[in-house]
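# Close look at the chain arrangement
Residues per chain are reported as follows:
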Amino acid sequence: MAGSTSTGSFLIPATMANTRLPIWYTATHPDTPYQGNIIVAKPGPNRSRITMYNARVTVRDADGHAEKRWLATESDFRDVLRGEFRLNVSDQQIDACVAVMKAKGTGDAPHPFFA
């Protein structure tokens, strides 16, 4: 864990005690975006990055240029999650994620981390 003061930077070793609670809170609190949205990110070749926020998939190159596309069907979700993100997930798991996203997600509203 890193921090800074007016006199410089410092490092604090990350231990289970100071990381477990924030991780648990982020993953389980009902107001966190992770409870109702499909959020995936992966580094790509040549310093590129691919992100998915619900049905929006963004591929960003090293210069920051972004190409966005929207997924329309469950088949699109399967293709992207298994193909581009290389996730080993079943049809049932993907269907469950899509159902939760449709019921509780923010749709295509921009999220500051995935805009």
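These numbers were taken from a predicted model, which means no experiment stands behind them.

What follows is about the overall build of the protein. When helices and strands are counted, the protein shows three helices and six strands. Written out in order from the N terminus, the α and β elements of the protein read β-β-α-β-β-β-β-α-α. Considering only residue pairs separated by 6 or more positions, the protein has 39% of its internal contacts joining residues 24 or more positions apart. Carbon together with sulfur atoms contributes 59% to the accessible area of the protein, which is approximately 8,000 Å² in total.

Locating Asn37 in the fold gives a position in the loop between α1 (16-28) and β3 (39-43). Classification of Asn37 as buried rests on a relative accessible area of 11%. Polar side-chain contacts of Asn37 include one of 2.8 Å to the side chain of Asn54. Not counting the four nearest positions on each side in its chain, Asn37 is found in contact with Tyr53, Asn54, Gly105, Thr106 and Gly107.

Right, let's get into the sheet that holds β3. What the four strands build is an open sheet, ordered β3-β4-β5-β6; its pairing is antiparallel. Two strands lie at the open edges of the sheet, namely β3 and β6 (66-70), each paired on one side alone. Shown here is a sheet whose adjacent strand axes are inclined to one another by a mean of 10 degrees, direction ignored. Pairing of β3 with strand β4 (residues 49-53), which is carried by five bridges, proceeds in the antiparallel orientation. Residue Lys42 lies in a different strand from β4, and its bridge partner there is Ile50. Contacts between helix α2 (residues 74-84) and the sheet are confined to β3, β4, β5 (56-60) and β6, with β4 contributing the most and set at about 145 degrees to the helix.

Three or more residues of α2 are buried, namely Phe77, Arg78, Val80 and Leu81. For α2, the elements touching its buried residues are β3, β4, β5, β6 and α3 (91-104). Two residues or fewer past α2, Arg86 is found with a positive phi of approximately 60 degrees.

A few words now on unusual backbone geometry. Of note, Arg47 is a non-glycine position whose phi angle comes to about 65 degrees, a positive value. Inspection of the secondary structure puts Arg47 in the loop between β3 and β4. On the basis of relative accessible area, Arg47 is assigned to the exposed category, the value being 71%. We note that Asn54 has phi near 55 degrees; this positive angle belongs to a residue other than glycine.

Right, let's talk about the pairing of β6 for a bit. The two faces of a sheet get side chains in turn, since along a regular strand they alternate between them. Sheet topology places β5 next to β6; five bridges connect them, and they run antiparallel. Looking at β6, one finds that Arg56 is bridged to Trp70. In sequence, β5 turns back onto β6 through a hairpin of five residues, with Gly64 there showing a positive phi of about 95 degrees.

Once that is clear, we can look at the pairing of β4. Across the five residues that make up β4, a large majority, four, are buried. Between β3 and the antiparallel strand that follows it, β4, lie five residues; Asn46 among them carries a positive phi value of about 55 degrees. Bridging between β4 and β5 involves five bridges; their strand directions are antiparallel. Residue pairing in the sheet places Ile50 in a bridge with Val59 of β5. Between β4 and the antiparallel strand that follows it, β5, lie two residues; Asn54 among them carries a positive phi value of about 55 degrees.

Conventions used here
- Residues numbered from 1 in each chain as written.
- Predicted model: local features only at pLDDT ≥ 70, side-chain atom pairs only at ≥ 80, totals over all residues.
- Heavy atoms only, no water.
- Helix = DSSP H or I, 4+ residues; strand = E, 2+ residues; numbered from the N terminus.
- Contact = heavy atoms within 4.5 Å.
- Areas by Shrake-Rupley, 256 points an atom, 1.4 Å probe, with all protein chains shown as cover.
- Buried < 20%, exposed > 50% of the residue type's maximum accessible area, 1.4 Å probe, protein only.
- Polar contact = N/O pair within 3.5 Å; in protein donor to acceptor, adjacent residues only side chain to side chain.
- Pairing = 2+ DSSP bridges.
- Axes fitted to C-alpha atoms, helices over the stretch in contact; angles between N-to-C directions.

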